[in-house]
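# Secondary and tertiary structure notes
So you can see what is in the structure, the chains are spelled out below.
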Amino acid sequence: TAERMIKFFCLDVNKSDKTALGAAAAVKESLDVLKAAGLDGENELMYESLTADNGGGAGREILQPKLMDVGALAEHSRGNNCGYHGENKAWENGSKAAFGEEGLGNKNIFQLGYQALTLVKKLKEDVGRVGLDRIRLNLLKFLGKNDRLQVELANSNHKALERLLEKISKDMPNPDGVNATDLLESLNSISEAPLTDFTKNVKDMTFSRWATTNQGIKIVIECWVEIYCLALAVKQSEKSNSYLHKVACDLLSLMNTKTKRDPHSEEPALSALALPPLYIEGLFLIGFTEAFFDHHFEFLSLPDPEFGNSSGQTMRLYVEHVAIMHEELKDLITNYRDRDEFKDFVEAVNVLPESGDENNGDRTFFNSAVEIFFAKYRATLDKHLFGPVRHESLLVYLVGGNSSVAIQFLKWLKHCEENDGDMDDFQFSDEDVTLMHHGSHYTDGAKANLKIMLEFLVADADPSKILKDPLITSNKVLLWQMVDDEDELEFDLWDENTWTNCYDPIVDMVHKRIAIHPIHQQRCENHVQMAALVASTSVNEVRRTSRCIALSGILRPFHQAALKEANEIRAIENEWLESQNKEKKAGEVDRVAGSLRMMLLGDYVDAYSEKVEDTMADVPDEMLRKVFDLVTNKNSKISAKMVDEKVKRYKESMEKKPRKVTKSEINEDGIDIPPEVKGGLKRKFLVKRYEPQIDAEIIFREIKVPLINQVTEDEEEINYQRATKKNLMKVGIRDKKRVLLEHELALRSIHNRPGQVLTLGDIKHIKVQSNEMKALIKNLTQT
């Protein structure tokens, strides 16, 4: 038999307003094109599946009923949230709640990673990848011979230095017999930049671009020493007012951030083994991506093994995969400390002191942050992934998945039908099974317990509703035969050799009505980007030069020639229109477009090619080769000399003695403590309900508040006085909120770096100081 395929096409790309109704109307208008093409009446298509993200004014939950209202979706339609959006949103929400927002002035691993990759990206733009590799090589050689830098790195982050030495030792014939000193000295003899090459494809770290934050953090952790040395070289060679210098200083301050210690505390000093807290944040996040996130994100792009051309079309397996995710996440939350992926993180946290105050960024903080991360991650998955998939309309897709799960699910439905909905005495089989086709992580298949899996999936589902689903009603006889005649542990819907009956109609149904429902909407996103002509390229100078030659030698002259020819054609047309007593076309042509542009461009290129061939025929080969070499040789460019100068300058700057540590690379404030980890109060809680705590905070900070003095009947005077319980009674909650946020802005601005400007809108939460406000945070966190 021919291979079953899934084919795609983009019917239309169009804009609509940002409401669900407007989007639904636009979709309906696009679908009407199919009717006009003859797919109407008895040939009319049925639209029953929708995959969309769940944000904005036309999110899936709002859009789906509107599409049904306008007739663009069937009444029994099935809606699924985009898996990429759902999993990425869980990662984003958990990360931000535990470690803080990305952005200017923030002090967490995301801002550190963003600055690190920005530095690498800008350097690559300046000197090219080859030039950057030369700088890296010089820096590693310098590290091999400079004791001061070695000590600085060992004191700053001994673990990162150990990672570097471990990578170097792997290339040696007898790595176990080599000590750290010998490894460092061996850097003097390297001939090319080794190790993980993080300069090939530098992507900005941002949560809105899927998988860039976790990949960026991994690069930073693996290449910490190299990035630190790059930042030092930039700081010492670039002018202090340059953008690169500011990025390097900010990066160094983040990399050198320490766990806070109370100078008056009687507790012992911070251990020399203590790692930078932002590095520890990175260790946790890498551990999580390796233990959970990466392989579940990978599943979203997998093809269905039973259908050709089916990347992202694994909906028949997606429902059971969600159950696998649920069990794995539950186990990870309980036992992450025992997992190999979290070994480095757990060891790093155990070295830190435990003060009992999250604001110190020590063990207390990390224990709370991990708890918050998992809670937020799980809550987001429940909303965006687990919830929609466990709806009756999608649970029916289990019929096409692994057959052991499918038969248990069908037994549950059949029991409901035979017992008039009484499910009290029904029990799923307590069997352990192996589920195939869930990704490369599961080399021998994913292990699952049928009872645990199905009880989770159907916990909130009504089997009587599923029994009315068209996928069940139209195939019930065969489905019930599957339940009665097949061994659930031996039967495989996708292997005819295991069949007792013929199940071709079921296979066709899965192919035509289940597998065509995508589990994500990336294909649609790609069309949107293409339609918007979004292009981002990074090409070397030779290719840029070639493009300029093509642009200036062909396209720009063509525009001029085309305009001239188009206006000549316009003049001829107007002469004819005038002779026929018809209205002439107004004005001259100022832009050639449409079929006329294509026709003129074809004629122009033909003539241009003929001219080139004639010219080249008269040019000696030697002369042609010389011109070609000059144009295409990178070394003939002035920029090559500039790269040489910059590489030399960076090398010389590192050899200055001694290196001066400046205030710009010191962060005295510690790491960000998000509100969710008791590090502050979100501004949304600065409301009337919590006015007593707001008053206490204002008094504690000794803030001056505005008091209105009625000078005359028509004239008021505003005086600012230090807050007391008495005069705060005369101030409205809006003014209290304003002065508190302004005071918070002033405190944070003290430590602004050159060029860094914070505004009132940047203050998303206040770092509380009063006992009353701390108690409020504790209560809100518990709630």
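For every chain, the first residue of the written sequence is number 1, and numbering continues from 1 along that sequence. Local features in this predicted model are restricted to residues of pLDDT 70 or higher, and side-chain atom pairs are both shown and tallied only at a pLDDT of 80 or more, whereas totals for entire chains, interfaces and linings draw on every residue. With hydrogens and water set aside, each side-chain value is computed from the structure's full complement of heavy atoms.

Our focus in this paragraph is the overall build of the protein chain. Under the scheme used here, helices are H or I runs from DSSP no shorter than 4 residues and strands are E runs no shorter than 2 residues, and both carry numbers assigned from the N terminus. Each helix and strand counted, the protein chain has 29 helices and eight strands in total. When contacts within the protein chain are restricted to residue pairs at least 6 apart in sequence, long-range pairs at least 24 apart make up 72% of them. The Shrake-Rupley method, run with a 1.4 Å probe, gives the accessible areas here. Residue values count only the displayed protein chains as cover. Just so you have it, the protein chain exposes about 41,400 Å², and 50% of that area is on carbon and sulfur atoms. For this analysis, residues touch if any pair of their heavy atoms sits within 4.5 Å.

In this analysis the probe radius is 1.4 Å and the grid spacing 1 Å, with only protein atoms considered; a cavity is a set of points the probe fits into but cannot get out of, a pocket is an open set with protein on both sides within 12 Å along at least five of seven lines, and lining residues have an atom within 4 Å of a point. Grid points are joined across faces, edges and corners, and a volume is the space filled by probe spheres set on the points. Per the counting criterion, the structure on display carries two cavities of 30 Å³ or more. Around the largest cavity sit ten residues that line it, and L164, E222, C223, W224 and V225 are the ones nearest its centre. For the lining of the largest cavity, the secondary-structure elements that each account for two or more residues are α5 (147–169), α7 (212–222) and α8 (224–237). Note that Gly is not counted as nonpolar here; it falls among the polar residues with everything else outside the nonpolar set of Ala, Val, Leu, Ile, Met, Phe, Trp, Tyr, Cys and Pro and the charged set of Asp, Glu, Lys and Arg. Of the residues in the lining of the largest cavity, the class split is seven nonpolar, no polar and three charged. Lining of the second largest cavity is provided by R136, L139, L140, E226, C229 and L230. Put simply, the parts of the chain that give the lining of the second largest cavity at least two residues each are α4 (109–145) and α8. For the lining of the second largest cavity, a count of residues per class yields four nonpolar, no polar and two charged.

Between buried and exposed lies partly exposed: a residue is buried under 20% and exposed over 50% of the maximum accessible area for its type, with that area taken using a 1.4 Å probe on protein chains only. By the burial criterion, the buried members of helix α19 (residues 476–485) are L478, L479, W480, M482 and V483. Taken together, the buried residues of α19 touch α15 (403–418), α18 (470–473) and α20 (504–514).

Time to look at a nonpolar patch on the surface. A surface patch of nonpolar side chains, amounting to about 300 Å² of accessible area, comprises F9, L11 and V33. Residue position: V33 is located in helix α1 (residues 20–36). Here the term patch refers to residues with relative accessible area over 30% and no salt bridge, with like charges joined within 9 Å and nonpolar side chains (Val, Leu, Ile, Met, Phe, Trp, Tyr) within 5 Å. When a carboxyl oxygen of Asp or Glu is within 4 Å of a side-chain nitrogen of Lys or Arg, the pair counts as a salt bridge.

Here A461 shows up in the loop between α16 (450–457) and α17 (463–466). Sequence separation of A461 and E392 is 69 residues, and the distance between their C-alpha atoms is 5.8 Å. Beyond its immediate sequence surroundings of up to four residues, A461 is in contact with R390, E392, L395 and W412.

Any pair of Phe, Tyr and Trp rings, taking the six-membered ring for Trp, is counted once the centres come within 6.5 Å. Such a pair is stacked with planes under 30 degrees apart, edge-to-face with planes over 60 apart, and tilted for the rest. Tallying each qualifying case throughout the model produces 34 aromatic pairs. When the ring of W91 is compared with that of F288, the centres are 6.4 Å apart and the planes differ by 15 degrees; the resulting orientation is stacked. Of the two residues, W91 is situated in helix α3 (residues 83–99) and F288 in helix α10 (residues 277–299); the sequence distance between them amounts to 197 residues. On the basis of relative accessible area, F288 is assigned to the buried category, the value being 0%. As a reminder, the over-ring test applies to NZ of lysine and CZ of arginine, requiring each to be within 6 Å of the ring centre and within 35 degrees of the ring normal. Above the ring of F456, the side-chain terminus of R390 is found at 4.2 Å from the ring centroid.

Residues E565, E568, D603, D606, E610, E613, D614 and D618 make up a contiguous surface patch of negative charge. Looking at the negative patch, the elements that each hand over two or more residues are α22 (541–579) and α23 (594–617). Element by element, the count of residues in the negative patch is highest for α23, at five residues. Take E565: it is sitting in helix α22. Judged by relative accessible area, which is 38%, E565 ranks as partly exposed. For this count, His and the chain ends are skipped, Lys and Arg are scored as positive, and Asp and Glu as negative. By convention, the charge on Lys lies at NZ, on Arg at CZ, on Asp at CG and on Glu at CD.

Mapped onto the fold, P674 is located in the loop between α25 (638–654) and β5 (681–682). Its relative accessible area of 3% is what places P674 among the buried residues.

A separate point is the packing of α4 against α10. The description of two packed helices rests on the angle between their axes and on the distance between the axes. Their axes nearest at 9 Å, the elements α4 and α10 cross at an angle of 95 degrees. Relative to α10, α4 is oriented roughly perpendicular. Between α4 and α10, the residues in contact are I109, F110 and L112 and L278, E281, G282 and L285, respectively. Per-class residue counts for the contact of α4 with α10 are five nonpolar, one polar and one charged. Note on geometry: axes are C-alpha line fits, over the in-contact stretch for helices, and angles between N-to-C directions span 0 to 180 degrees. Any angle between 65 and 115 degrees counts as roughly perpendicular, while under 35 counts as roughly parallel, over 145 as roughly antiparallel, and the rest as oblique.

Right, let's talk about the nonpolar core for a bit. Nonpolar cores are built from buried Ala, Val, Leu, Ile, Met, Phe, Trp, Tyr and Cys residues. Side-chain atoms within 4.5 Å join them into one set. Counting 164 residues, the largest nonpolar core has L119, F288, F345, Y377, F409, W412 and I506 as its most contacted members. The element contributing the most residues to this core is α4, with 16 residues. Non-local contacts of F288, meaning those with residues more than four positions away in its chain, are made with W91, F293, L329, L332, F342, F373, F374 and Y377. Counting 22 residues, the second-largest nonpolar core is a separate cluster that includes L681, V731, L741 and I763.

With a phi close to 70 degrees, A211 is a non-glycine residue in the positive phi region. Judged by its relative accessible area of 13%, A211 falls in the buried class.

Before going further, it helps to examine the side chain of S393. Structurally, S393 is set in helix α14 (residues 392–395). Any N or O atom pair separated by 3.5 Å or less is treated as a polar contact, with the protein-specific requirement of one donor-capable and one acceptor-capable atom, and with residues adjacent in sequence counted only for side-chain atom pairs. Among the polar contacts made by the side chain of S393, one reaches the side chain of H391 at a distance of 2.9 Å. Not counting residues within four places of it along the chain, the set of residues in contact with S393 comprises S77, R78 and D469.

Next up on the list: the packing of α10 against helix α13 (residues 363–389). Between α10 and α13, the shortest axis-to-axis distance is 12 Å and the interhelical angle comes to 35 degrees. The handedness of the crossing between α10 and α13 comes out as right-handed. Across the interface between the two elements, P277, I280, E281, F284, L285, F288, F292 and F293 of α10 pack against F365, F366, V370, F373, F374 and Y377 of α13. Looking at the contact of α10 with α13 residue by residue, the class counts come to 13 nonpolar, no polar and one charged. Each crossing is labelled by how the near helix is turned from the far one, with a counterclockwise turn of less than a right angle marking it left-handed and a clockwise turn marking it right-handed.

Below, the discussion takes up helix α26 (residues 691–701). An α-helix turns once per 3.6 residues; consequently, residues spaced three or four apart project the same way. When we look at burial in α26, the residues that qualify are E691, I694, D695, A696, E697, I698 and R701. Trailing α26 by a residue or two, E702 shows a phi angle of about 60 degrees, which is positive.

What pLDDT conveys is the predictor's confidence in a given residue, as a value from 0 to 100. Taken residue by residue, the protein chain gives an average pLDDT of 85. The fraction at 70 or more is 88%. Per-residue pLDDT stays below 50 along residues 531–542; that stretch engages in eleven contacts with residues further than four places along the chain or on separate chains.

Moving on to the environment of L686. Within the fold, L686 resides in the loop between β5 and α26. In this structure, the C-alpha to C-alpha distance between L686 and I733, residues 47 residues apart in sequence, is 8.3 Å. Each residue touching L686, except ones within four places of it in the same chain, is listed here: L681, I694, K737, L740, L741 and I766.

Enumeration according to the criterion identifies 39 salt bridges in this entry. Close ionic contact of E488 with K411 constitutes a salt bridge, the shortest N to O distance being 3.2 Å. Residue E488 is located in the loop between α19 and α20, and its partner K411 is located in helix α15; the two are separated by 77 residues in the primary sequence. In this structure E488 comes out as buried when scored by relative accessible area, which is 9%. A single salt-bridge network, built from bridges that share partners, covers K89, E92, K96 and E101.

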